[in-house]
Amino acid sequence: MSNLTSTPKPPYYAVIFASVKSNDLNDYSETAERMMQLAQAQPGFLGVDSASSAIGITVSYWSDIDSIKAWKQNAEHQEAQAQGKDRWYSAYTTRIAKVEHEYGSN
């Protein structure tokens with residue numbers, strides 16, 4: 001059984017968030033868990049895959065660009081983004097890509 005997110009047949013969109021954490025991680029875990037709960041309730045959300053070590057990578061999957069824009073405008077998400085910029089990340093980048101093909105063994 002795979003732990004990878006099951007996504008629909010392409011096309012769909014991926015938001016790729018890469019980060020390097022800072023030393024101030026107060027409230028980080030709780031906020032990350034809350035953002036996952038909120039994202040899962042957001043229309044157009046398809047799933048997420050995440051890994052963390054020296055560089056954290058989170059890839060969330062969305063049905064369309066409008067759903068991604070709506071998630072970016074979510075008030076709690078905006079507060080979490082501000083905390084990330086101010087406290088939790090020493091560096092980060094967000095990339096949005098259209099998934100046109102996928103293949104694998106899951």
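Let me sum up the structure you'll find in this document. Treat the numbers as computed from the prediction; the structure is a model and nothing was measured.

1. A word on helix α1 (residues 28-41)
Taking 1.5 Å as the rise per residue, α1 with 14 residues should run 20 Å; its terminal C-alpha atoms sit 20 Å apart, in good agreement. Buried positions along α1 lie against β1 (12-21), β2 (45-51), β3 (56-62), α2 (65-73), α3 (75-88) and β4 (89-99).

2. Considerations on the packing of α2 against α3
Between α2 and α3, the least distance of the axes is 5 Å, while the angle of their chain directions is 70°. By the angle between their axes, α2 is roughly perpendicular relative to α3. For the pair formed by α2 and α3, the contact residues are Trp-71, Lys-72 and Gln-73 on the first element and Ala-75, His-77, Gln-78 and Gln-81 on the second. Residues belonging to the contact of α2 with α3 are distributed by class as follows: two nonpolar, four polar and one charged.

3. Considering the sheet that holds β2
Pairing is antiparallel in the open sheet, where four strands are placed in the order β2-β3-β1-β4. Each edge of the open sheet carries a strand with a single partner, namely β2 and β4. Between one strand axis and the next, the sheet turns through 15° on average, direction left out of account. Bridge count between β2 and β3: six bridges; the pairing is antiparallel. Following the sheet pairing, Ala-51 is matched in β3 by Ile-57.

4. Details of the pattern of salt bridges
Under the defined criterion, the tally for this structure stands at three salt bridges. Arg-87 is paired through a salt bridge with Asp-24; the nearest N and O atoms lie 3.3 Å apart. Within this pair, whereas Arg-87 is found in helix α3, its partner Asp-24 is found in the loop between β1 and α1, the two being separated by 63 residues in sequence. Residue Asp-24 is classed as partly exposed on the basis of its relative accessible area of 28%. Where Asp-27 meets Arg-87, a salt bridge forms, and the shortest distance between an N and an O atom there is 3.9 Å. Pair noted here: Asp-27 is in the loop between β1 and α1 and Arg-87 is in helix α3, with a separation of 60 residues, a long-range link. Overall, Arg-87 belongs to the partly exposed group, its relative accessible area being 22%. When salt bridges with common partners are traced through the structure, they connect Asp-24, Asp-27 and Arg-87 into a single cluster.

5. Quick look at the packing of α1 against α3
With their axes 11 Å apart at the nearest point, α1 and α3 run at an angle of 150° to one another. When the axis of α1 is compared with that of α3, the two are roughly antiparallel. As α1 runs across α3, the sense of the crossing is left-handed. Packed against α1, whose contacting residues are Tyr-28, Thr-31, Arg-34, Met-35 and Leu-38, the element α3 presents Glu-76, His-77, Ala-80 and Trp-88 at the interface. Of the residues in the contact of α1 with α3, the class split is five nonpolar, two polar and two charged.

Criteria and cut-off values
Residues numbered from 1 in each chain as written. Predicted model: local features only at pLDDT ≥ 70, side-chain atom pairs only at ≥ 80, totals over all residues. Heavy atoms only, no water. Helix = DSSP H or I, 4+ residues; strand = E, 2+ residues; numbered from the N terminus. Expected span 1.5 Å × (residues − 1). Contact = heavy atoms within 4.5 Å. Axes fitted to C-alpha atoms, helices over the stretch in contact; angles between N-to-C directions. Parallel < 35°, antiparallel > 145°, perpendicular 65-115°, else oblique. Nonpolar A, V, L, I, M, F, W, Y, C, P; charged D, E, K, R; others polar. Pairing = 2+ DSSP bridges. Salt bridge = Lys/Arg side-chain N within 4 Å of Asp/Glu carboxyl O. Buried < 20%, exposed > 50% of the residue type's maximum accessible area, 1.4 Å probe, protein only. Left-handed = near helix turned anticlockwise from the far one by under 90°.

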